[in-house]
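Observations on the three-dimensional arrangement
Listed here are the chains, written in short residue letters.
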Amino acid sequence: MLELRDVQVVFDGFRALDGVNLTVPEGELRFLIGPNGAGKTTLIDVITGLTKPAGGSVRFGGLDLVGRKEHQIVRLGVGRTFQTSVVFEELTVIENLDLAATFRQPLWSLARRRRGISEAVEQALTRTGLEDLAERSAGVLSHGQRQWLEIGMLLAQRPKLLLLDEPVAGMSKDERERTGELLTEIADDHTVIVVEHDMEFLRRHASTVTVLHEGKVLVEGSIDQVSADPRVQEVYLGRRKAEDAVGNRP
Amino acid sequence: MIKRHLPFATVAVIALVAAPLLLEPFRLGLLAKYLCYAIVALGIGLAWGQGGMLTLGQGVFFGLGGYSMAMYLKLNEAGPGGLPDFMVWSGVEKLPALWAPFASPVFAVGMAVLGPVLLAVLLGTLVFRQRVRGAYFAILTQALAAAMVILLVGQQGLTGGTNGMTNFFELFGQDLADDSTQRGLYLVVASVLGILYLATRQLVHSRYGRLLVAVRDGEDRVRFLGYDPALVKTVTFAASAGMAGLAGALFVPVVGIISPALLGVVPSLELVVAVAVGGRHALAGAVLGAVVMGYAKTAFSEQFADGWLYLQGALFILVMTLAPKGIVGVVGRLRRARTT
Ligand SMILES: Nc1ncnc2c1ncn2[C@@H]1O[C@H](COP(=O)(O)OP(=O)(O)OP(=O)(O)O)[C@@H](O)[C@H]1O
Ligand SMILES: [Mg+2]
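Since the structure is predicted, the reported quantities are computational estimates derived from the model, not experimental observations. (Residues numbered from 1 in each chain as written. Chains lettered and ligands numbered in written order. Predicted model: local features only at pLDDT ≥ 70, side-chain atom pairs only at ≥ 80, totals over all residues. Heavy atoms only, no water.)

1. Considerations on the packing of helix H9 (residues 207–223) of chain B against helix H10 (residues 229–255) of chain B
All names here are of chain B.
- The interhelical angle for the contact between H9 and H10, taken along N-to-C directions, is 140°, at an axis separation of 9 Å. Considering their axes alone, H9 and H10 lie oblique with respect to each other. Classified by chirality, the crossing of H10 by H9 is left-handed. Contact residues: Tyr-208, Leu-211, Leu-212, Val-215, Glu-219, Val-222 and Arg-223 in H9; Pro-229, Val-232, Lys-233, Val-235 and Thr-236 in H10.
- Class assignment for the residues of the contact of H9 with H10 results in eight nonpolar, one polar and three charged. (Axes fitted to C-alpha atoms, helices over the stretch in contact; angles between N-to-C directions. Helix = DSSP H or I, 4+ residues; strand = E, 2+ residues; numbered from the N terminus. Parallel < 35°, antiparallel > 145°, perpendicular 65-115°, else oblique. Left-handed = near helix turned anticlockwise from the far one by under 90°. Contact = heavy atoms within 4.5 Å. Nonpolar A, V, L, I, M, F, W, Y, C, P; charged D, E, K, R; others polar.)

Here it is, written out as structure tokens:
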């Protein structure tokens, strides 16, 4: 379903992605890990059209994505969230979801008021558990609730492929737990790629993991294979442990 | 339902019934002029307040509308085969081809709206696709206003130059000097404003309005929701341009003149200040601001002509720092304070 071949991204001479190959079959829940600056966000940026690759190809469902505009890629069924969540604070939760859900309608048809709640919005509300906050403005939501709203907005768009950039960053333990369940549930009927740092979270919820390091794919495999790999321990886990020791990361 | 429409209905009754009965013709004429500005302000409220596009060049669209109307009026007075007075004075012998179609009132009024809309679509397509926004967009529109003035002044024989066009006597067979014609014009202006206000309010409350606010607050995020923000902005900008154009067309018979001084950088800025003072996030604020600032300008310029500019600048800074939601925001706060 998603296939990246030899993708290169260069920022002012710096190789952020240096020949990435990645294949994610339909229906998979794939985790993408790697130390800070490994190129995880850049990889998502390339798939979604925000960053143009200097070389290589990105194919999704048989179509070449390189050179397409962001909104066109979304229309093909690729949705994403950002590392820092962006919801529209002046709109209510429902309005945020509704805005996401109606993107396929022609612009002129939006000149009417919203009446009631569409099915897609209803489903997104129940799945993310935001029913009670439906009429509140998104500005009053907590950090965790915002992340769920973002995921809900994605769901309301009914994409085929979801790309989530660190969805549980900054969440409390309970919130992580809920998000993990939500992701597993979503993965039942979507292809999902999740960028995540937290090892415990990975152990609980991950099936296949891809490790990115210095713009290249280092290892790919099950969570046990990956965490047992000495190279991974060196570049990623070792470093994380060292960081944890000095308390750099929560 | 009734409660929601009560404020609008009250204002409509005052504007359409009380004002024409109570105000003497001179005052009613002034109000008509402010209401023309209020139509422009409504468009600014939509583009800037809702869509985040700070447009400092609405005078350009106002001018296109005004000049279209003025051209029709001039040709109508000159009669078939005749030349407008200012052309005769500047030695033009044959009617320029650009002028010819404006002999038709339908064409002239159509162009008053369509001209600005097309220009805004062109500009929006070029500018918003390149993701020009914020201050860059503001400066660009301001430069456009400056360029428009230079263009108009430079083409003396075509546009009347610095003096613009004046001496209009008749509109659709009615004597423009007549009080009843002016009262009729006032009613037309007030009705147009009312209709546009309702239509714009409907738009703001629609899904499109929500989308517009989303584009204002997070253009990049909107792109990843599958919308093209450039298109949303272009459409909105074009709507505001069309309103300004229509306002310009109404302004000419009401005030009796159109000239570069009425549509350059300063008048364009004055309207943005008025919208800020009234409250840019509410459409009613934009309209209110235009009327209040119109009256204030008339009152102050009578006493100290130069002082007004400084006073206006000071007021703008004051509003932006102390009451960013303008008069509407302050009134809303007072009302809430009283009820709680
Ligand atoms: N627009 C840009 N211009 C220049 N360099 C960039 C740009 N975006 C990213 N980089 C660089 O590319 C490298 C990869 O960045 P990226 O954001 O993809 O890392 P990441 O794996 O997402 O890291 P993190 O875990 O911190 O989110 C980093 O060294 C970063 O500094
Ligand atoms: Mg990142």
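2. Quick look at the site of ligand 1
All names here are of chain A.
- Residues in close proximity to ligand 1 total 14 residues, the closest being Gly-37, Lys-40, Thr-41, Thr-42 and Gln-83.
- Between Ala-38 and ligand 1, the recorded distance is 3.2 Å, taken from a backbone N or O atom to an oxygen atom.
- Within the side chain of Thr-41, a nitrogen or oxygen atom sits 2.7 Å from an oxygen atom of ligand 1.
- Considering ligand 1 on its own, with 640 Å² of exposed area, one finds that the protein chains cover 62% of that surface.
- Counting residues per element, the ones that place at least two in the shell around ligand 1 are strand E2 (14–24) and helix H1 (40–48).
- Grouping the constituent residues of the shell around ligand 1 by class yields five nonpolar, seven polar and two charged. (Near = heavy atom within 4 Å. Polar contact = N/O pair within 3.5 Å; in protein donor to acceptor, adjacent residues only side chain to side chain. Areas by Shrake-Rupley, 256 points an atom, 1.4 Å probe, with all protein chains shown as cover.)

3. Focus: helix H6 (residues 134–154) of chain B
All names here are of chain B.
- Taking 1.5 Å per residue as the helical rise, H6 with its 21 residues ought to reach 30 Å, and the 31 Å between its terminal C-alpha atoms agrees with that figure.
- Turning to H6, its buried residues number three or more, namely Phe-137, Ala-138, Thr-141, Ala-145, Met-148 and Leu-152. Looking down the long axis of H6, one finds its buried residues gathered within 105° of arc, a one-sided arrangement. Turned more than 90 degrees away from the buried face of H6, the exposed residues are Ala-135, Tyr-136, Ile-139, Ile-150, Leu-151 and Gly-154.
- Buried residues along H6 sit in contact with helix H3 (58–78), helix H5 (105–129), helix H7 (156–159), H10 and helix H11 (265–278). (Expected span 1.5 Å × (residues − 1). Buried < 20%, exposed > 50% of the residue type's maximum accessible area, 1.4 Å probe, protein only. Arc of directions from axis to C-beta.)

4. Quick word on the coordination of the magnesium ion (ligand 2)
All names here are of chain A.
- At 1.9 to 2.4 Å from the magnesium ion (ligand 2) lie its protein donor atoms, namely Thr-41 (OG1) and Gln-83 (OE1). With Thr-41 in helix H1 and Gln-83 in the loop between strand E6 (78–80) and helix H3 (93–101), this pair connects stretches of sequence that are 42 residues apart.
- Judged by relative accessible area, Thr-41 falls into the partly exposed class, the value being 26%. (Donors = N, O, S within 2.8 Å, 3.2 Å for Na, K, Ca; no water.)

5. A short note on the sheet that holds strand E5 (residues 63–64) of chain A
All names here are of chain A.
- Here we have four strands laid out as an open sheet, ordered E2-E1-E4-E5, and antiparallel in their pairing. Here the strands that pair on one side only, and so sit at the sheet edges, are E2 and E5.
- One ladder, built from eight bridges, connects strand E1 (residues 2–11) with E2; its direction is antiparallel. By the bridge assignment for E2, Val-10 is matched with Arg-15.
- Sitting on the sheet, H1 touches E1, E2 and strand E4 (55–60), and the angle it makes with E1 is about 115°. (Pairing = 2+ DSSP bridges.)

6. So, the sheet that holds strand E9 (residues 208–213) of chain A
All names here are of chain A.
- A sheet is described by the order of its strands in space; here six strands give the open sequence E6-E7-E8-E3-E9-E10, paired in mixed fashion. Edge positions in the sheet fall to E6 and strand E10 (216–222), since each of these pairs with one other strand and no more. Going from strand to strand, the sheet's axes swing by 20° on average, the running direction of each strand aside.
- Here strand E3 (residues 29–33) runs beside E9; their pairing, made up of four bridges, is parallel. By the bridge assignment for E9, Phe-31 is matched with Val-209.

7. Examining the nonpolar core
- Core analysis: the biggest nonpolar cluster contains 140 residues, and A:Leu149, B:Ile39, B:Met165 and B:Tyr186 have the highest contact counts within it.
- Each residue touching B:Ile39, except ones within four places of it in the same chain, is listed here: B:Val189, B:Val192, B:Leu193, B:Leu196, B:Met243, B:Ala247 and B:Leu250.
- A:Ile44, A:Val58, A:Phe60 and A:Ile193 belong to the second-largest nonpolar core, a separate cluster that totals 25 residues. (Core = buried A, V, L, I, M, F, W, Y, C linked by side-chain atoms within 4.5 Å.)

8. Digging into the packing of H3(A) against H9(B)
- Remark: H3(A) packs on H9(B), axes separated minimally by 10 Å, with the N-to-C direction vectors making an angle of 95°. With respect to each other, H3(A) and H9(B) are oriented roughly perpendicular. When H3(A) is examined against H9(B), the residues A:Glu95, A:Asp98 and A:Leu99 are found in contact with a partner set consisting of B:Arg207, B:Arg210, B:Leu211 and B:Ala214.

9. A closer look at a positive patch on the surface
Residues and elements named next belong to chain B.
- Positive charge collects at one region of the surface, where Lys-325, Arg-333, Arg-335, Arg-336 and Arg-338 lie side by side.
- Structurally, the position occupied by Arg-335 is in helix H14 (residues 326–339).
- Judged by its relative accessible area of 57%, Arg-335 falls in the exposed class. (Patch = residues over 30% accessible without salt bridge, like charges linked within 9 Å, V, L, I, M, F, W, Y side chains within 5 Å. Salt bridge = Lys/Arg side-chain N within 4 Å of Asp/Glu carboxyl O. Lys, Arg positive; Asp, Glu negative; His and termini not counted. Charge placed at Lys NZ, Arg CZ, Asp CG, Glu CD.)

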